Amino acid sequence: MNKPVEPRLLADSEPARARWQREYREGVAAERAIANVSGIPIAPLYTAADRRPGGDDALGYPGQPDYTRGIYATMHRGRTWTQRQLIGLGTPADYNERLRSILARGATAVSLIPCNSVYRGYDMDSVELELLGTCGVVVNDAEHMDRCLEGVDLAEVSCAMNDPSPFTLLAFMLVAAERRGIDWKAISGTSNQSDYLSHYVANHMFYRLALPGARRVLMDHIGWCRQHVPRWNPMSVVGQHMQQAGATPAEAMAFTLSSAVQNAEDCIARGMDPDEFLPRFTFFFDISLSFFEEVAKFRAGRRIWARLARERLGASDEKSWRFKFHAQTSGVDLTRQQPLNNIARVTAQAMAGIFGGLQSLHTDAYDEAYATPGEVGARIAVATQNILREEAHLTDVIDPLGGSYYVESLTDAMEEKILAIMKTVDDAGGMYKAVESGLVQRTIGASAMRFQERVESGEQVIVGVNKYRSDDDAEHRPPVDRPDREQMQRHRDEFVAAKARRSPSAVAKALDALTRAAESDDGNVFGAVVDGARAGLSNEEICARLRRDLGFGQPLVVV
Amino acid sequence: MSDRGADFRPRVLVTKIGLDGHDRGSRIVAAACRDAGMEVIYTPPWQSIPAVVKLALEEDVDVVGISSLATDHLIVPKLMAALRDAGLGDVRVVVGGIVPDDEERSLLASGVREVFHPGSTMDEITTRIRDYAREARRARADAENET
Amino acid sequence: MSLAERALAGDRRALGRLLTLIDDDAAGAREAAARLGERTGRAWVVGVTGVPGSGKSTLVDALLGLWLAQGHSIAVVAFDPSSPISGGAVLGDRIRMAANAADEKVFVRSFSARGELGGLSRAARAAVDCFDACGFDRIVVETVGTGQSETSIAGLADTRVVVCPPGLGDDVQAIKAGSLEIADIVAVSKGDLPLAERTAREMREMVALRRRQETAWLPAVVVVSALRKTGLDALDAALDAHRDATGTRRRHGEHAPTPAAGAGDRPAPSPALDGDGWRERIAALAARDGLCATLGIAVRGGGPGRAEVAMRVDARHLNFNGGCHGGAIFALADSAFGLASNSHGPLAAGIDAHITFQAGVAAGDTLVARAVEVQRSRRIGVYRIDVVREDAGGETAVSSFTGTVYIRG
């Protein structure tokens, strides 16, 4: 670890450089080789000599291809990022209360996280009561969704549904909107968890339908939304799960871009024109504490995507080349020990995302590592964003780190690394085949292992955990708030009663329509899901039927 | 590795019950146990309690390791009772992940041998698991010698 | 009641415990295994092998569903290789059978290779006998199948299924050569994919080319889709047909298939094995062997088509470098080969043999060679011999030997 390193030779003024090198060598007792998480070596100093010849000219302007400095000319000076805090807890009433207070404090968009039971495709009467509503809101049908979004103008506020295939939550929301008389053409938002490939690889809870079935439903979803909810982003390509599972930043970006290519190629194979669907592709990333690496990751990603969209996917509209992304501060970086430290962590992560040019941001609460955020934590998380923007003035300049010798050099290096990893996916036959065979999972597992080893050896410090362990600070780790059991029981009882009031023949008819869509080559499964939601079908009923017809999702587990 | 061929090869089940699906930690623990010479049955998340009990019985595991990052540990006491009912009271159960302090106490009271918090090293975890496996085998041998 | 008695009486916990004791070769295990060995012969053992990603476990899961509906009780021996470095293993096959593994008429047990070459451990063989004795009427032995190891399940199974994913037909020479040698049934998985039918056609052509003259059975090729639930009935029918044609006697070494007299007329199960009787026959053969005497090769055990011999390396066996002479190792393996192939009675003469050496052997080491019968027809027999070195805590793989005999008489 502490081996002597020759500082790199620099090409500018000889005496100045030589002097710096000498003083540096004298001043640093034992030089050690440093590499970032993605494995790129990091030097102690970067100068103009580290820039590619003509690099600055190639950098371009924000809003112009290849968008290294930002996808819009105005970036955050024109329109600030969307403060999209993910919320979910308890019953629809609990959710609605929290949602309204967050909106009052400046959040500008809605995001909904359902209970884990919903992710697994179960209704609340199939699951132990004590597990309900602890990690998200229990929404099982359109009526629950309506209650969640009470008082929210769906024509004005953008809604992100954390909703994996077959997208029942969006179906419930559309039905609720319809009942309120709102035109679907006015609705905007994102299917935040439409990336079945990332679920297969790294977040198995979201993985419900077998791989081929999930692929089919996604294509149907994209096609249907384009026609009926044109302002909705049906495709969010997710890098967050993979990075949370241990992928390095370069791997996460590479695999995400490869997924995007796979999904785009699937759409093209379905007869869609890239310029029709690509403008509605968005991305969802993790932001870790490796500050500069994250900034470089996002800038490189933007550049690569613009080229891919144009050259590989054949898109000619500039809107198709723009890399739009939502980012969330990384939860695995947060600690249970000395929890208030997490506020500092989230601040650094958020800054990296802002300098990276995100379009939408969720900041974790300091207690998010071990619970769904409490009131105080949620408030601080939103205030953090406001402070960075309005007190620290981080957004007064577009791409303020642009031109930095280090950041530009690192952006180039990350680009190279990302492209190399994407090549291994291409060699494996594309992202679908790569995840089917386990290549991606093995790569991520190896990186996760390496990180664990670095933490255990002390090479990677985690304050309060493997260093600076003065005090566990348990009192700032308050007992976790569990949802009120009685309230949940009532919610469940009402739901069961409501199900019983439906006409059995209407239910059967709606389920059969799902089956017909699934079994036909040209039926639209998501369209049938929306119809089913309208007919009063529940989340489990829809998921169970589609699992029967399209296969139950068993991810490939690679240890 | 020095442990190999020592006295025995522990059989360990690493699993997640309940609903959560984040399994980065459990996969790392499973790999660490394998590298420490153990035989690991590794399952994906969302196993039901009856399935875990049946698996523990058929595979004759020494230790069951439950990974819980959200709230799935809340049903571990149910698992403890189910194991006892199936005659598997000698199987040792450990929990790893995110467990609030007060809930840790009730887990231990229900019979869980230890709760590993984030920051525990793989060495610590595999060493303790091996100790618990030895405990389980001794308890079993004692019970069988009495019949 | 002892564990064995409780297991025989239907106590699943006792059966699980017994399997561990046998796997660990604990005190009393061999005796318990012998007691169970007296009760074997009723179960039908189906071996299923396929490379990772072939869809093997999904297929086994589908078969479980089918057989449960038919009222059978099924045990699954799921096999994974262990790490050669740590000796540990992650046993992950059973997760793909989750739904059916929960049924009370199913028992799934996972095993690791424990460093034995040829892929299947001694304990897995004993486990099959245990399950047989405890009343499971069907036993599935599932192996990873990486080219070499699946040939060893041949000795263990009555009916052998090789699972082949679509598209791999093109690279068949490299990967499948070994497994197609042993397949009674080739199941092309993922039948919903476009390439499946073509792969099946290619497989049928290959199977026809490899036709073994002396058996009545021509390997069947079936296309199965677990997703669409198609082809399962055809697979089941092919399995039944093979069983009716050859019975459950291959596992026990007798290889004279009787044609089925009628649809419901199944061959009687073979009589219980007499473990000691076979050993005596093999020992008698070894006693006549001049080279065994010269080199100090002793018989440790055997059975029909099986033999185990041992040798302690001393000055006689060393080469000019001071290590054990390769010829001595060859002689040990060849002895096991000869004994195993002649154990049935008819004279078998070696016509081809091949050996690989994996680890160094020194004076003072004790080497053990174990021969198993991979395949045997009326005229030709193929055997696989693994040579290991006994160490303080276990065994180290030393050498791998395959041989072919021509059977006279």
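Residues numbered from 1 in each chain as written. Chains lettered and ligands numbered in written order. Predicted model: local features only at pLDDT ≥ 70, side-chain atom pairs only at ≥ 80, totals over all residues. Heavy atoms only, no water.

Chemist: Just checking my understanding: could you explain the overall build of chain C for this structure?
Modeler: In terms of regular secondary structure, chain C is built from twelve helices and 14 strands. By the burial criterion, 55% of the 409 residues in chain C qualify as buried. Put simply, chain C shows about 16,400 Å² of open surface, and 54% of that area lies on carbon and sulfur atoms. (Helix = DSSP H or I, 4+ residues; strand = E, 2+ residues; numbered from the N terminus. Buried < 20%, exposed > 50% of the residue type's maximum accessible area, 1.4 Å probe, protein only. Areas by Shrake-Rupley, 256 points an atom, 1.4 Å probe, with all protein chains shown as cover.)

Chemist: What is the right way to read the nonpolar core from this model?
Modeler: Where a protein is soluble and globular, its nonpolar side chains tend to be buried together. Counting residues in hydrophobic clusters, the biggest one holds 173 residues, and the most contacted among them are A:L149, A:M173, A:L257, A:W305 and A:I418. Grouped together as the second largest cluster of nonpolar side chains are 33 residues, C:V313, C:A340, C:A369 and C:I407 included. (Core = buried A, V, L, I, M, F, W, Y, C linked by side-chain atoms within 4.5 Å.)

Chemist: I keep staring at the sheet that holds strand β5 (residues 114–116) of chain B and nothing clicks. Help me out?
Modeler: Picture the strands of a sheet paired through backbone hydrogen bonds; they go either parallel or antiparallel. The six strands are arranged β5(B)-β4(B)-β3(B)-β1(B)-β2(B)-β3(C) in an open sheet whose pairing can be described as parallel. A strand with exactly one partner marks an edge of an open sheet, and here the two such strands are β5 of chain B together with β3 (89–91) of chain C. Strand-to-strand, the axes of this sheet are offset by a mean angle of 25 degrees, without reference to chain direction. Across six bridges, the pairing between strand β3 (residues 63–68) of chain B and strand β4 (residues 92–97) of chain B is parallel. Residue pairing for β4(B): B:I66 is matched across the bridge by B:V95. (Pairing = 2+ DSSP bridges. Axes fitted to C-alpha atoms, helices over the stretch in contact; angles between N-to-C directions.)

Chemist: Hey, could you run me through the interface of chain A and chain B in this one?
Modeler: A common way to state how big an interface is: give the accessible area lost once the parts meet. Contacts between the two partners involve 40 residues from chain A and, on the opposite side, 38 residues from chain B. Together chain A and chain B conceal approximately 3,100 Å² of surface at their shared face, both sides included; 60% is due to carbon and sulfur atoms. Interface area lost by chain A to chain B is led by A:L131, A:R336 and A:V559, which between them contribute 20%. At the boundary of chain A and chain B, one finds two salt bridges. The closest approach of N and O atoms between A:E130 and B:K78, which form a salt bridge, is 3.2 Å. For the pair chain A and chain B, the interface holds six residue pairs in polar contact (both at pLDDT 80 or more). Of all the secondary-structure elements, those providing two or more residues to the side of chain A that touches chain B are α5 (116–119), α10 (240–244) and α19 (439–457) of chain A. When residues of the side of chain A that touches chain B are assigned to their parent elements, the largest contribution, five residues, is made by α19(A). Across the side of chain A that touches chain B, the residue classes break down as 21 nonpolar, twelve polar and seven charged. (Contact = heavy atoms within 4.5 Å. Buried area = accessible area lost by both parts, 1.4 Å probe. Salt bridge = Lys/Arg side-chain N within 4 Å of Asp/Glu carboxyl O. Polar contact = N/O pair within 3.5 Å; in protein donor to acceptor, adjacent residues only side chain to side chain. Nonpolar A, V, L, I, M, F, W, Y, C, P; charged D, E, K, R; others polar.)

Chemist: Help me out: how do you make sense of the sheet that holds strand β6 (residues 189–191) of chain A in this one?
Modeler: All names here are of chain A. Taken in spatial order, the four strands of this open sheet run β4-β5-β6-β7, and their pairing is parallel. Of all strands in the sheet, those bounded by a partner on one side alone are β4 (109–112) and β7 (232–233). On the sheet, helix α7 (residues 168–179) packs against β4, β5 (158–161), β6 and β7 and is oriented at approximately 145 degrees with respect to β5.

Chemist: Got a minute to help me understand the packing of helix α11 (residues 249–269) of chain A against helix α17 (residues 405–427) of chain A in this structure?
Modeler: When two helices pack together, their arrangement is given by the angle between the helix axes and by the axis-to-axis distance. Residue and element names in this part refer to chain A. Two elements in contact, α11 and α17, have axes separated by 8 Å at closest approach and are oriented at 50 degrees. The angle between the axes of α11 and α17 places the two elements in the oblique class. In this structure, the crossing between α11 and α17 has a hand that is right-handed. In contact with P249, A250, E251, M253, A254, F255, L257 and S258 of α11, α17 contributes M414, K417, I418, I421, M422 and V425. Partitioned by chemical class, the residues of the contact of α11 with α17 number eleven nonpolar, one polar and two charged. (Parallel < 35°, antiparallel > 145°, perpendicular 65-115°, else oblique. Left-handed = near helix turned anticlockwise from the far one by under 90°.)

Chemist: Whenever I open this one, the pairing of β5(A) confuses me. Can you help?
Modeler: Regular strands place their side chains on alternate faces of the sheet. Residue and element names in this part refer to chain A. Side chains of β5 alternate between two faces, with S158 and A160 and C159 and M161 buried alike. With four bridges connecting them, β4 and β5 associate as parallel partners. In the strand pairing of β5, S111 is matched with A160. The pairing of β5 with β6 spans three bridges and is parallel. Paired with A160 across the strands is T190, a residue of β6. Crossover handedness for the path β5 to α7 to β6: right-handed. (Right-handed = clockwise from strand over helix to strand, strands pointing away.)

Chemist: In this structure, what is going on with the interface of chain C and chain B? I would like to understand it.
Modeler: At the junction of the two partners, chain C supplies 34 residues and chain B supplies 30 residues. Both faces considered, chain C and chain B share a buried interface measuring about 2,600 Å² in area, 46% of it formed by carbon and sulfur atoms. Taken together, the connections running from chain C to chain B amount to four salt bridges. Linking chain C with chain B are twelve residue pairs in polar contact (both at pLDDT 80 or more), by the criterion used here. At the level of elements, α1 (3–8), α2 (12–23), β3 and β4 (106–112) of chain C are the ones that each hand at least two residues to the side of chain C that touches chain B. Per-class residue counts for the side of chain C that touches chain B are 13 nonpolar, nine polar and twelve charged. The pairing of strand β2 (residues 39–42) of chain B with β3(C) spans three bridges and is classified as parallel. Counted as the bridge partner of B:V40 is C:V90 from β3(C).

Chemist: Explanation requested: the packing of aromatic side chains in the structure shown.
Modeler: Each aromatic ring pair is characterised by the separation of its centres together with the angle its planes make. Enumeration over the complete set of coordinates arrives at 25 aromatic pairs over all chains. Summarising the aromatic geometry, the rings of C:F107 and C:F136 are spaced 6.2 Å apart at their centres and angled 75 degrees between planes, so their arrangement reads as edge-to-face. Note that C:F107 is positioned in strand β4 and C:F136 in the loop between α6 (122–133) and β5 (138–143), a separation of 29 residues in sequence. Across the pair, exposure class does not vary: C:F107 and C:F136 are buried alike. Aromatic ring contacts, followed pair by pair, group A:F283, A:F285, A:F298, A:W305, A:F323 and A:F325 into a single cluster. Lying across the ring of C:F111, C:R109 places its NZ or CZ 5.9 Å from the centre. Taking NZ or CZ as reference, C:R243 lies 4.5 Å from the ring centre of C:W44, over its face. (Phe/Tyr/Trp six-rings, centres within 6.5 Å; stacked < 30°, edge-to-face > 60°. Lys NZ or Arg CZ within 6 Å of the ring centre and 35° of its normal.)

Chemist: Which parts of the structure should I look at to understand empty space enclosed by the protein?
Modeler: Rolled over the atoms, a probe sized like a water molecule indicates the empty space that remains. All names here are of chain A. Applying the stated criterion to the full structure yields nine cavities of 30 Å³ or more. Taken as a whole, the largest cavity encloses approximately 110 Å³ of empty space. What lines the largest cavity is a set of 16 residues, and nearest its centre among them are H76, I354, I398, D399 and P400. Those elements that provide at least two residues to the lining of the largest cavity are α3 (75–78) and α15 (341–356). Its residues assigned to classes, the lining of the largest cavity comprises seven nonpolar, five polar and four charged. (1 Å grid on protein atoms, 1.4 Å probe; cavity = no way out; pocket = protein on both sides within 12 Å on 5 of 7 lines; lining within 4 Å. Points joined across faces, edges and corners; volume = space filled by probe spheres on them.)

Chemist: Any chance you could explain the environment of C:V163 here in plain terms?
Modeler: Along the chain, C:V163 falls in strand β6 (residues 159–164). A C-alpha to C-alpha distance of 32 Å links C:V163 and C:S343, two positions 180 residues apart in sequence.

Chemist: What's the story with unusual backbone geometry in this structure? I'm lost.
Modeler: In terms of backbone geometry, most residues other than glycine have negative phi values and most peptide bonds are trans. All names here are of chain A. In this structure, the amide linkage connecting P65 to the following residue, D66, adopts the cis form with an omega of 0 degrees. Position of D66 among the secondary structure elements: in the loop between α2 (55–59) and α3. Going from S165 to P166, the amide bond is cis rather than trans, its omega being 10 degrees. Considering the arrangement of structural elements, one finds P166 in the loop between β5 and α7. Look at D399: it is not a glycine, yet its phi comes out positive at around 45 degrees.

Chemist: Before we go on, may I ask you to explain the state of the cysteines in this structure?
Modeler: Working definition of a disulfide: a covalent bond connecting the sulfur atoms of two cysteines. All names here are of chain A. Under the definition given, this model contains zero disulfides over all chains. With no disulfide of its own, C267 lies 11 Å from the sulfur of C225, the closest cysteine sulfur. Assessed through its relative accessible area of 0%, C267 is described here as buried. (Disulfide = S-S within 2.5 Å.)

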